Amino acid sequence: MNATKPKPEGGQLVPLRRLDERRAAVSDISDEALLAACGVGDTAALGALFDRHHDAVYRLLSRLLRSEPDEIDDLVQLTFLEVWRSAKRYRGRGAVRSFLLGIAANVVRHHVRGAARRRAALVDVPAPACSGAPDAVAMRAQLVQRLAIALAQLPLDLRAAYVLCDLEDIPGVEAARVLGIRAGTLWRRLHEARRALREAIDGGAR
Amino acid sequence: MIENDDQLRDLASELPWERPEPARRDAVRSALLVAASESDRRPTMRWYVMCGVFAAGALAAACVLLLLVQKPQPYVASAARIDASEAAQLERKVTRTPTGIDEVVRVRAGRVNLGVGALRAGDHVRVATRDAEVEGEGQYEVAVQADRLSEVRVIQGHATIRITGQQSVFLASGQTWRATVITGDLTPPRQHVEPSPATSSTGSVSSSADRIGAQEVAKVRARHIDHPIAATTATFPRAASDQSNRAAAPTEHPAVRDKSAASMSSEEPAASISAPQPIATARKQLEQHFKTGMQLLKAGNPAAASRELGAAADAGIDDPLAADARYFQAVALTKSGRKTEAERALVAFLDHAPTSIRRGRAAVMLARLIAERGDIAAARAWFESALGDADAAVAAAAKAGIAARH
């Protein structure tokens, strides 16, 4: 799902106090305008942002933190609430989607800070599914399963770097900014994450 | 198996994730919007931090204020240097006021020399008597008799005199202020006859000089008796020989004397404020003169008695016996027929003895002497002042005097 809408002609960044008062279609409004509207307290803009980016945020959270759906829902709500509060700080550097996913990654980081939660997350790795698919398909499914287990076993920092950059296609510079780290650090983490995942997959295959 | 990062990324793109049900998603959306609208109204962390900082600041300010309040007040030092005569009676009180330091030197008698340096704004150094207050800077001298201000002499600097019920008087360096004195001349008469009081009331022979003096005193007396306060309380300024002469001098314009009870001049201090002497010696002389004078008066020699009693009264100390000596001097002068001098002595007595039991008698005597000169209005005022005397005989005499002159 491509939740990011292209900017309208002229790059309009006018905050919307009331979205319905503008009588404009939500699809015509850029993410930046919606975020600016959030900055002045427009809950309708927040709803529109939620509609556009909910799936991406949910997917990121579910990949970063394997947990019950209810807990993921709570984190989704917490992420958008943080977006609502942080909207005034958005300076237009990078895409709004990167801004949102960075906030989601930080929410997860705060959420799993406790060791108990981390252990629970690691334990909550789903068991490999046994299917009667043909060999090639079954082999591919096994690889994906190994990757899922390896990803869940990665440290959160490496996992966040990998998910943001490789799975959510966030540019490295933006990912480093939203995570609050230097670009070099991000590249190092990304490199370590890829290597660990490959080793995990190859090791399981051997 | 996985040879490069692109293959790993392709594999990762197949990672499953459970898309939430629409109902759950809508529930999250609704909860989010409600939470967002509530968080808008909720105070932020910044608000809490600001409140905390403000509270801490207020607490610190309160602590500092408390420390300042509990800090002991510094010693209040006197801003004036005071030199007082041995006979001077004075008290000194230094207090801290909201505006500065207030130093009051309460003088009841004697001569006090003050040296007051430059004062800060709000500081005051004052000399107080029963009837006046003097405030100044520099060096000035204050003389007080019977708890009343008699003279102020500014040696250097300036001073302001504030007398109850009168306008303030400003004195610059070198100026002297003296209380106005209206009394008779107590110098011995050049010629005197000694008729009895009874005969003197009907008419007596006196020298031309005495007559002139009597007329002058009568004028002055009449003017002051016209003043209601003077008539009822008889609180005339005390005797001073130089000023009494000035008051009686025919060349002085009456308006100058009547303008105020105070006068300014650049003269030296009055001679009446004699140099301080040991109290015991003065008291002994007073008693001796008084005793001799009374013996002479009882022996029928009023002329000599008046001289002795006058010497006792002029002993120079503030003593009830001196006041009595003045009274009996007036009696002796009356008996000796020197009515003008008797009048002056009576006025001096009334001025110096505001609480004496003889005031009523003295007032009646004075009223009779004035009435003999024909100044009925002035005599009536003195009679009226004796109507409330504790002695019934004196009150009756005053009443009879008023009735006889209707």
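Residues numbered from 1 in each chain as written. Chains lettered and ligands numbered in written order. Predicted model: local features only at pLDDT ≥ 70, side-chain atom pairs only at ≥ 80, totals over all residues. Heavy atoms only, no water.

## A look at the overall build of chain B
Filter applied, for reference: Under the scheme used here, helices are H or I runs from DSSP no shorter than 4 residues and strands are E runs no shorter than 2 residues, and both carry numbers assigned from the N terminus. Burial classes follow relative accessibility: with a 1.4 Å probe on protein chains only, a residue under 20% of its type's maximum area counts as buried, one over 50% as exposed, and anything between as partly exposed. The contact definition used throughout considers only heavy atoms, calling two residues in contact when any of these lie within 4.5 Å. The method behind every accessible area is Shrake-Rupley, applied with a 1.4 Å probe, and residues are considered shielded solely by the protein chains displayed.
The helix and strand tally for chain B stands at 15 helices and 9 strands. A buried classification covers 44% of the 406 residues belonging to chain B. Once local pairs closer than 6 in sequence are excluded, the contacts in chain B between residues at least 24 apart make up 54%. Looking at chain B as shown, the accessible area adds up to about 21500 Å², and 57% of this sits on carbon and sulfur atoms.

## Notes on the packing of aromatic side chains
All names here are of chain B. Selection rule: Ring pairs shown here join Phe, Tyr and Trp side chains whose ring centres sit within 6.5 Å, with only the six-membered ring taken for Trp; geometry is labelled stacked below 30 degrees between planes, edge-to-face above 60, and tilted in between.
Taken as a whole, this structure holds 5 aromatic pairs over all chains when the rule is applied. For the ring pair phenylalanine 290 and phenylalanine 328, a centre distance of 6.3 Å and an interplane angle of 65 degrees mean the geometry is edge-to-face. Of this pair, phenylalanine 290 sits in helix α9 (residues 279-298) while phenylalanine 328 sits in helix α11 (residues 320-335), and the two are 38 residues apart along the sequence. Judged on exposure class, the residue phenylalanine 290 and its partner phenylalanine 328 are both buried. Summarising the aromatic geometry, the rings of tyrosine 327 and phenylalanine 349 are spaced 5.4 Å apart at their centres and angled 50 degrees between planes, so their arrangement reads as tilted.

## Quick look at the interface of chain A and chain B
Applicable threshold: Reported buried area values correspond to the accessible surface (1.4 Å probe) lost by two parts on association, with both partners' losses combined. The working definition used for a salt bridge is a side-chain nitrogen of Lys or Arg within 4 Å of a carboxyl oxygen of Asp or Glu. Polar contacts, as used here, are pairs of N or O atoms within 3.5 Å; protein pairs need one atom able to donate a hydrogen and one able to accept it. Residues neighboring in sequence count only if both atoms are side-chain atoms.
The interface is formed by 36 residues belonging to chain A together with 30 residues belonging to chain B. Carbon and sulfur atoms supply 63% of the area that chain A and chain B bury against each other, a total of about 3300 Å² over both sides. For the interface between chain A and chain B, the tally reads 9 salt bridges. Among the salt bridges present, the one from Asp51(A) reaches Arg25(B), with a minimum N-O distance of 3.8 Å. Applying the counting criterion to the chain A and chain B interface returns 13 residue pairs in polar contact (both at pLDDT 80 or more). Those elements that provide at least two residues to the side of chain A that touches chain B are α3 (43-64), α4 (69-86), α7 (135-153), α8 (156-167) and α10 (183-205) of chain A.

## What about the nonpolar core?
Applicable threshold: Here, nonpolar core means buried Ala, Val, Leu, Ile, Met, Phe, Trp, Tyr and Cys residues that are tied together by side-chain atoms lying within 4.5 Å of each other.
The biggest cluster of nonpolar side chains holds 72 residues, and the ones touching the most others in it are Val76(A) and Tyr162(A). Per-element accounting of this core gives the leading share, 11 residues, to α3(A). Those residues in contact with Val76(A) that sit more than four places away from it in its chain are Phe50(A), His54(A), Val57(A), Tyr58(A), Leu61(A) and Val28(B).

## Remarks on the pairing of strand β2 (residues 89-97) of chain B
Residue and element names in this part refer to chain B. The criterion, for reference: Whether two strands pair depends on DSSP finding at least two bridges between them.
Pairing of β2 with strand β3 (residues 100-116), which is carried by 9 bridges, proceeds in the antiparallel orientation. In the strand pairing of β3, threonine 95 is matched with aspartate 102. What sits between the antiparallel neighbours β2 and β3 is a turn of 2 residues.

## Description of the confidence of the model for chain B
All names here are of chain B. Rules: Residue-level confidence of the predictor is what pLDDT reports, using numbers from 0 through 100.
On average, residues of chain B score 72 in pLDDT, and 71% of them reach the 70 mark or higher. Of all the helices and strands in chain B, helix α6 (residues 228-233) carries the lowest mean pLDDT, 32, while helix α10 (residues 302-313) carries the highest, 90. Across residues 182-276 the pLDDT falls below 50, and counting only partners more than four positions away or on other chains, this stretch makes 182 contacts in the model. Scored by ipTM, the complex comes to 0.73, with pTM at 0.39.

## Here's the deal with the pairing of strand β6 (residues 148-163) of chain B
Residue and element names in this part refer to chain B. Pairing of strand β5 (residues 132-145) with β6, which is carried by 14 bridges, proceeds in the antiparallel orientation. For glutamate 135, the partnering residue across the bridge sits in β6 and is threonine 160. Two successive antiparallel strands, β5 and β6, enclose a turn made up of 2 residues, where alanine 146 displays a positive phi of approximately 50 degrees. By the bridge criterion, 3 bridges tie β6 to strand β8 (residues 176-179) in an arrangement that is antiparallel. Bridge pairing in β8 links arginine 153 to threonine 176. If you look at the hairpin formed by β6 and strand β7 (residues 169-172), you'll find 5 residues sitting between the two strands, and glycine 165 has a positive phi there, around 80 degrees.

## Description of helix α2 (residues 31-39) of chain A
Residues and elements named next belong to chain A. Counting buried positions along α2 gives 8 out of 9 residues, so the element sits mostly inside the fold. Of all the positions in α2, only Asp31, Glu32, Ala33, Leu34, Leu35, Ala37, Cys38 and Gly39 are classed as buried. Phi turns positive one or two residues past the end of α2, at glycine 41, with a value near 95 degrees.

## Observations concerning a nonpolar patch on the surface
Definition in use: Patch members must show over 30% relative accessible area and no salt bridge, and they are joined within 9 Å when carrying like charges or within 5 Å when they are nonpolar side chains of Val, Leu, Ile, Met, Phe, Trp or Tyr.
Judged by side-chain polarity, Met45(B), Trp47(B), Tyr48(B), Val49(B) and Val53(B) come together as a nonpolar surface patch covering roughly 570 Å² of accessible area. Summarising the element assignment, Met45(B) is placed in helix α3 (residues 45-70).

## Quick notes on the environment of Ala312(B)
Residue and element names in this part refer to chain B. If you trace the backbone, alanine 312 turns up in helix α10. On the accessibility criterion, alanine 312 (0% relative accessible area) is buried. In this structure the C-alpha to C-alpha distance between alanine 312 and glutamate 287, which are 25 residues apart in sequence, comes to 7.1 Å. Each residue touching alanine 312, except ones within four places of it in the same chain, is listed here: Leu286, His289, Phe290, Ala322 and Ala325.

## A look at the pattern of salt bridges
Applying the stated criterion across every chain, the model contains 36 salt bridges over all chains. Where Glu168(A) meets Arg59(A), a salt bridge forms, and the shortest distance between an N and an O atom there is 3.0 Å. Taken together, the positions of Glu168(A) in the loop between α8 and α9 (172-179) and Arg59(A) in helix α3 put the pair 109 residues apart, joining distant regions of the chain. Each member of the pair Glu168(A) and Arg59(A) is classed as buried. The closest approach of N and O atoms between Glu133(B) and Arg162(B), which form a salt bridge, is 2.9 Å. Of this pair, Glu133(B) sits in strand β5 while Arg162(B) sits in strand β6; the two residues are 29 residues apart in sequence, bridging distant segments of the chain. Overall, Glu133(B) belongs to the buried group, its relative accessible area being 18%.

## Focus: the environment of Tyr140(B)
Residues and elements named next belong to chain B. Checked against the element boundaries, tyrosine 140 lands in strand β5. As for tyrosine 140 and valine 152, which are separated by 12 residues in sequence, their C-alpha atoms are 7.1 Å apart. Beyond its immediate chain neighbours, meaning those up to four positions away, tyrosine 140 contacts Val112, Asn113, Leu114, Val116, Val125, Val127, Val134, Glu135, Arg153, Val154, Ile155 and Ala159.

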